[in-house]
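# Analysis of the macromolecular model
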Amino acid sequence: MRKQLMKGNEAVVKSAILAGCRGYYGYPITPASEIAETAAEYLPKVGGEFLQAESEVAAINMLYGASSAGVRCMTASSGPGISLMQEGISYMAGAELPCVVAHITRGGPGLGNIASEQGDYHQAVKAGGNGCYKTPVLAPYSVQEMADLTALAFEMADRYRTPVVLLADGFVGQMMEPVEFQEKATVPQTPRWAVTGTAETRGNLITSLHMGSDDLEAHVRHLEANYELAAQNETRAEEWMTEDAEIVLVGYGIVGRILKAVTAEARAAGLRVGLLRPITLFPFPTRNFQRLVSRARVFVVVEMSTGQLVEDVRLALNGARPVEFLGRAGGNVPSHEEVMAFVRELAGRMQPAMTRDEERMAHV
Amino acid sequence: MSSGLIAEYEVVQGKAKSFYDTYERKDELQHQTHYCPGCGHGTIHKMLARAIDELGIQDRTILVSPVGCSVFAYYYFDVGNVQAAHGRAPAVATALKRSRRDSIVVSYQGDGDLSAIGSAEILHAANRGENITVIFVNNAIYSMTGGQFAPTTLLGQKSTTTPLGRSAQHEGYPLHVSELLATLEAPVYIERVALGDNKQIAQAAKAIKRAMENQVKGLGFSLIEVLSPCPTVWKMQPVQAQQWVHDVMEKTFPLGVFKDRTKEAHVWPARDAAPPLETIPEILGVAHEELPEGKAEMRAQVKDVDLHVRVAGFGGQGVLLLGEVLAEAGLDAGLEVSWLPSYGPEMRSGTSNCHVRLSKEPIDSPLVTVPNVLVAMNEPSLRKFDASVKPGGWVIYNGDAFPEDCVREDVHVLALPFTQVANELGDTRAANMVMLGALLEMTGALPQESVDAALKRLVKNPRFVELDERALARGRELYRNSAVR
Amino acid sequence: MEAEKRSRGLLKVDVDECKGCGLCVEACPPHVISMSEKLNHYGYRTATYVGEGCTACGICFMVCPEPGAITVLKAVYRASDEPGRSLRAEAKEVACASN
């Protein structure tokens, strides 16, 4: 099989179309524009709809319409545009409308810059809009994962009737790597709840409005149960060299790639280092962290931000192990060398090796 | 029964079929609307329902209800219902219609919704000529939230947020939505009607039906603005409010047809049929292909490499393409590859650079912070990255002489005026390929056939392919002839 | 009932749906609608047909903001010797459905 060299942003669109996406409504922004451009090229060729909206606000509300009509649909943007989309994402979560939002991050706050940053973790993972809702968040770290997780995002969106965010940093969106796609294109059946302008769907209603307090509470409890189900079935993380790791490096997206290189170098230097890379940021792979507590002595979270993922790691560990943090922001990347130096310094501080008490604790 | 002239009575005006018999979505009082006595919404609902009945489109109709008093329109209309965010109904309606071309989509909006928060959405839906029908209910005030000022509030009209009355100096003038949208080319039909008296009401019903009919015929965007009473917030009796529409509102908002292109409008074309599913991978250019004959054998011959390449120069020097050809050729040769364009704070003042990795092993980090090959296409790029080159690595520099202060004892350097060489080949733009040729010869990493295949895939113009091939060959030759080892 | 049948039209008001806004009273060209003296279940005075003079013009229906509060019927004329069709039954059916 011949793989193709392709940008992450292009892979998202091709994978989306293979997964049955037939609607794209968006607004240009660096570094996500290639997604719109690729969608504009291919969607009309497959009987789909591409429309550049007047704003991100309009774009996400167009998704609300397309999704109401039972069409698999997506948009893409970056921080400032995603901020504007929060209205629609909240409405779609409330109205239980599936869609995929590719969030190709850049620097912030405000206009920030167009460099790659991971400062939008909270916005994506903690629900950036109003109300008791969450959206599943998938974090690819390669072009292949841009393709694979896009397909998964559409599946999850339909399965849980929710917007799903594909959270990728600008590097993953912009870089080219070999990629292969699913062999067959699919288009799912129109869901029964959709409003399509036919006799069969005439009685259907799409709304996020629940006037009674009991009604609304029941509704958000139902959403909550959905998230719990997603947590049971969809939580994903990659572990590498963690079996006997004393130092566990934690990072997602492009940082996961850097940490892989660091892990390899640290191992070569005789340090017991491993990598835990969350792939679903919501639901969060809490159990992976808890499983590692018995061996690991310290967790090191590396981010291209001043520290957001690190909060979830601390919650997952609930004080069981210390958590160190290395972050860079503004478009600066914690380089392989910088992380390696951090790890060496940490390993030095950890000497001597485990005391008997620690040993005993580790094997409880 | 006596045998008179009048045999029996039959219904001539009754509840429209497009209304639910009982409003089950409503919590209580399911036999009547939630609107206040004398509210125009109910009257307009009836006009719309009757138009739907008469056009026989109940099954096809999708009503988009707004935020405002008519947020609950879905309680009443027995059609497909979608409730939208404040002001966004035209955006929602746009995608509904584009997704389901046979549906009849109505965007029902109040004046706060449409003319304030949704002013962008209505303007652009109208400007695109979306084949939808918009019912714009203008009562010159925000009613649901208790009577705040709207863009349509009349000059001098009091509201809870203009307690002394609207002043032109402070809030500007009442927004004339129909007139404004009529300046656009795309809309097909725009009319302002009113609920001020019997005659006006009859005209309003006609206009709404016409706007629906336009969509059924596929003509495009129609909007009917209805001046509508709000007795409760206006603090008037219903009859008095009706008269106020007629006597006062109408002076600011004159009635009439502002746009009618129904005669010359084009019918929206049907969309091309979707291609068969099995053809889609091919349309996307991602159909699975087997490896060409002999490729596997060739790949087995490729030697073990681990290239960490940084290419840097000015924009327009072909920095990114150099890297792309290298990565594409590596892929063709069966290697693991990655290509990452310069990105972030370093991407300033026209400089450009990229990271390329080629390896037999899976690539961990695609970021090259310590290159073992640096291709520096100009002096600033050399100065920026020279110190980062791994000891024992290579620097290929485009310049007459290597700057003395950049000299390192622990790296190999090939410094030549590559742009000059390219110029001699016929085009200075080929300097990148001359440098790539030198790099390929130096590393011996890739078979020529993979480089040829990459060039063909990436360079579409045959004239440039020919030039680039010569440039690559020249670069290889320059390296072979150099004393650098 | 007999009185009603002398007019060209007939007007029925659903007193539970009517909110007593009075627009129909104002709109009715022959002035045959008035407001009830009694309040309905919800405390509204409701529109009431005075019992004769309706022309079935339908204007009251048009100005009424409630979907089904008013139903307007029109007299159907036929020769007395015409064999009885089901017209009567039909008219009843529709009227009931609208009430």
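Definitions and limits used
- Residues numbered from 1 in each chain as written.
- Chains lettered and ligands numbered in written order.
- Predicted model: local features only at pLDDT ≥ 70, side-chain atom pairs only at ≥ 80, totals over all residues.
- Heavy atoms only, no water.
- Pairing = 2+ DSSP bridges.
- Helix = DSSP H or I, 4+ residues; strand = E, 2+ residues; numbered from the N terminus.
- Contact = heavy atoms within 4.5 Å.
- Axes fitted to C-alpha atoms, helices over the stretch in contact; angles between N-to-C directions.
- Buried area = accessible area lost by both parts, 1.4 Å probe.
- Polar contact = N/O pair within 3.5 Å; in protein donor to acceptor, adjacent residues only side chain to side chain.
- Nonpolar A, V, L, I, M, F, W, Y, C, P; charged D, E, K, R; others polar.
- Domains from an automatic or database assignment.
- Salt bridge = Lys/Arg side-chain N within 4 Å of Asp/Glu carboxyl O.
- Buried < 20%, exposed > 50% of the residue type's maximum accessible area, 1.4 Å probe, protein only.
- Patch = residues over 30% accessible without salt bridge, like charges linked within 9 Å, V, L, I, M, F, W, Y side chains within 5 Å.
- Areas by Shrake-Rupley, 256 points an atom, 1.4 Å probe, with all protein chains shown as cover.
- Lys, Arg positive; Asp, Glu negative; His and termini not counted.
- Charge placed at Lys NZ, Arg CZ, Asp CG, Glu CD.
- Parallel < 35°, antiparallel > 145°, perpendicular 65-115°, else oblique.
- Left-handed = near helix turned anticlockwise from the far one by under 90°.
- Phe/Tyr/Trp six-rings, centres within 6.5 Å; stacked < 30°, edge-to-face > 60°.
- Disulfide = S-S within 2.5 Å.
- Expected span 1.5 Å × (residues − 1).

All names here are of chain A. Ordered by their spatial adjacency, seven strands build an open sheet running S3-S2-S4-S5-S7-S6-S13, and the pairing between neighbours is mixed. The sheet is open, and its two borders are formed by strand S3 (49-52) and strand S13 (280-282), each paired with just one other strand. Bridge count for strand S5 (residues 99-105) against strand S7 (residues 163-169) is seven bridges, and the pairing is parallel. Counted as the bridge partner of Thr 105 is Asp 169 from S7. Here helix H6 (residues 143-160) sits on the sheet in contact with strand S4 (73-77), S5, strand S6 (137-138) and S7, set at roughly 160 degrees to S7.

Residue-level contacts link 35 residues of chain B with 44 residues of chain C. Buried area between chain B and chain C, both sides added, is near 3700 Å², and the carbon and sulfur share of it is 62%. One can count 16 residue pairs in polar contact (both at pLDDT 80 or more) joining chain B with chain C. Among the elements that take part in the side of chain B that touches chain C, strand S1 (residues 6-13) of chain B stands out by supplying eight residues, more than any other. Of the residues contributing to the side of chain B that touches chain C, the split by class is 17 nonpolar, 14 polar and four charged.

Attention now goes to the arrangement of the chains. Among the two pairs of chains in contact, the pair with the most contacts is chains A and B. Between chain A and chain C there is no contact, and the shortest C-alpha to C-alpha distance separating them is 19 Å.

Quick look at the domain arrangement of chain A now. Residues and elements named next belong to chain A. Once the domains are mapped, chain A shows domain 1 (4-234) and domain 2 (237-362). Between the C-alpha centres of domain 1 and domain 2 the distance comes to 30 Å. In this complex, domain 1 contributes 32 residues to the contact, which on the side of domain 2 involves 27 residues. It is Gln 118, Tyr 121 and Tyr 141 in domain 1 that bury the most area against domain 2; as a group they hold 33% of the surface buried on that side. Linking domain 1 with domain 2 are three salt bridges, by the criterion used here.

A few words on the pattern of salt bridges. Residues and elements named next belong to chain A. Summed over the entire model, instances satisfying the criterion amount to 50 salt bridges over all chains. The closest approach of N and O atoms between Arg 159 and Glu 234, which form a salt bridge, is 2.5 Å. Placement of the pair is Arg 159 in helix H6 and Glu 234 in helix H8 (residues 213-234), with a sequence separation of 75 residues. The partner of Lys 260 in a salt bridge is Glu 238, and the shortest N-O contact between them spans 2.6 Å. In this pair, Lys 260 sits in helix H9 (residues 254-268) while Glu 238 sits in strand S10 (residues 237-240), placing the two residues 22 residues apart along the sequence. The exposure class of Lys 260 is buried, given its relative accessible area of 14%.

Taken together, A:Asp214, A:Asp215, B:Asp27 and B:Glu28 make up a surface patch of like negative charges. By the element assignment, A:Asp215 lies in helix H8.

Residue and element names in this part refer to chain B. Of note, Lys 295 is situated in helix H11 (residues 295-301). Of note is the side chain of Lys 295, whose polar atom sits 2.7 Å from the side chain of Asp 332. Excluding anything up to four places from it in sequence, Lys 295 contacts Asp 332 and Glu 449.

Now for the packing of helix H15 (residues 431-443) of chain B against helix H17 (residues 462-481) of chain B. Residues and elements named next belong to chain B. Where H15 contacts H17, the two axes come as close as 6 Å, and the packing angle between them is 50 degrees. Considering their axes alone, H15 and H17 lie oblique with respect to each other. Pair H15 / H17 crosses with right-handed handedness. Contacts between H15 and H17 involve Met 433, Val 434, Leu 436, Gly 437, Ala 438, Leu 440, Glu 441 and Met 442 from the former and Asp 468, Ala 471, Leu 472, Gly 475, Arg 476, Leu 478, Tyr 479 and Arg 480 from the latter. For the contact of H15 with H17, the per-class residue count stands at ten nonpolar, two polar and four charged.

A word on the packing of aromatic side chains. Residue and element names in this part refer to chain B. One pass over the structure, following the stated rule, counts 15 aromatic pairs over all chains. Where Tyr 35 meets Tyr 76, the ring centres are 6.0 Å apart and the plane angle is 45 degrees; that geometry is what we call tilted. Separated by 41 residues along the polypeptide, Tyr 35 in the loop between S1 and helix H1 (40-55) and Tyr 76 in the loop between strand S2 (61-65) and strand S3 (80-83) bring together distant segments of the chain. We classify Tyr 35 as buried; its relative accessible area is 5%. For Tyr 76, a relative accessible area of 0% corresponds to the buried category.

On to the interface of chain B and chain A, then. Frequently, the measure chosen for interface size is the accessible area removed from exposure when the parts meet. The interface is formed by 71 residues belonging to chain B together with 76 residues belonging to chain A. Between chain B and chain A, the buried area comes to about 6200 Å², and carbon and sulfur atoms account for 62% of it. Taking the shortest distance from any N to any O, the salt bridge between A:Glu87 and B:Arg88 comes out at 2.8 Å. Put simply, chain B and chain A have 22 residue pairs in polar contact (both at pLDDT 80 or more) between them. Considering every element that reaches the side of chain B that touches chain A, the biggest residue donor is helix H2 (residues 89-99) of chain B, with seven residues. Here the residues of the side of chain B that touches chain A sort into 38 nonpolar, 15 polar and 18 charged. Sheet analysis places strand S9 (residues 205-206) of chain A next to S3(B), joined by two bridges and oriented parallel. Paired with A:Leu205 across the two strands is B:Asn81, which belongs to S3(B).

Attention shifts here to the environment of A:Ala194. All names here are of chain A. Looking at where Ala 194 falls in the secondary structure, it is placed in the loop between strand S8 (176-179) and S9. Residues Ala 194 and Asn 113, 81 residues apart in the sequence, show an inter-C-alpha distance of 39 Å. If sequence neighbours within four positions are ignored, Ala 194 has contacts with Ser 68, Ala 69, Gly 70, Thr 201 and Asn 204.

Residues and elements named next belong to chain C. Summed over the entire model, instances satisfying the criterion amount to zero disulfides over all chains. Of all cysteine sulfurs, the one in Cys 21 lies closest to Cys 24, which takes part in no disulfide; the gap is 6.2 Å. Residue Cys 24 is classed as buried on the basis of its relative accessible area, which comes to 8%.

Turning next to the environment of A:Arg314. Residue and element names in this part refer to chain A. Looking at where Arg 314 falls in the secondary structure, it is placed in helix H11 (residues 309-317). Assessed through its relative accessible area of 43%, Arg 314 is described here as partly exposed. Note: C-alpha distance between Arg 314 and Tyr 27 (287 residues apart in sequence) is 36 Å. If we ignore the near neighbours within four places in the chain, the residues touching Arg 314 are Gly 319 and Val 323.

To continue, consider H1(B). Owing to its 3.6 residues per turn, the α-helix brings residues three or four apart onto one side. Between the first and last C-alpha of H1(B) there are 23 Å, a value that for 16 residues agrees with the 22 Å anticipated at 1.5 Å per step. Counting buried positions over the 16 residues of H1(B) gives twelve, a clear majority of the element. Turning to H1(B), its buried residues number three or more, namely B:Gly40, B:His41, B:Gly42, B:Thr43, B:Ile44, B:His45, B:Lys46, B:Met47, B:Leu48, B:Ala49, B:Ala51 and B:Ile52. Check the buried side of H1(B) and you find it contacts S2, strand S4 (104-110), strand S5 (133-138), helix H7 (198-216) and strand S7 (222-227) of chain B together with helix H2 (59-63) of chain C.

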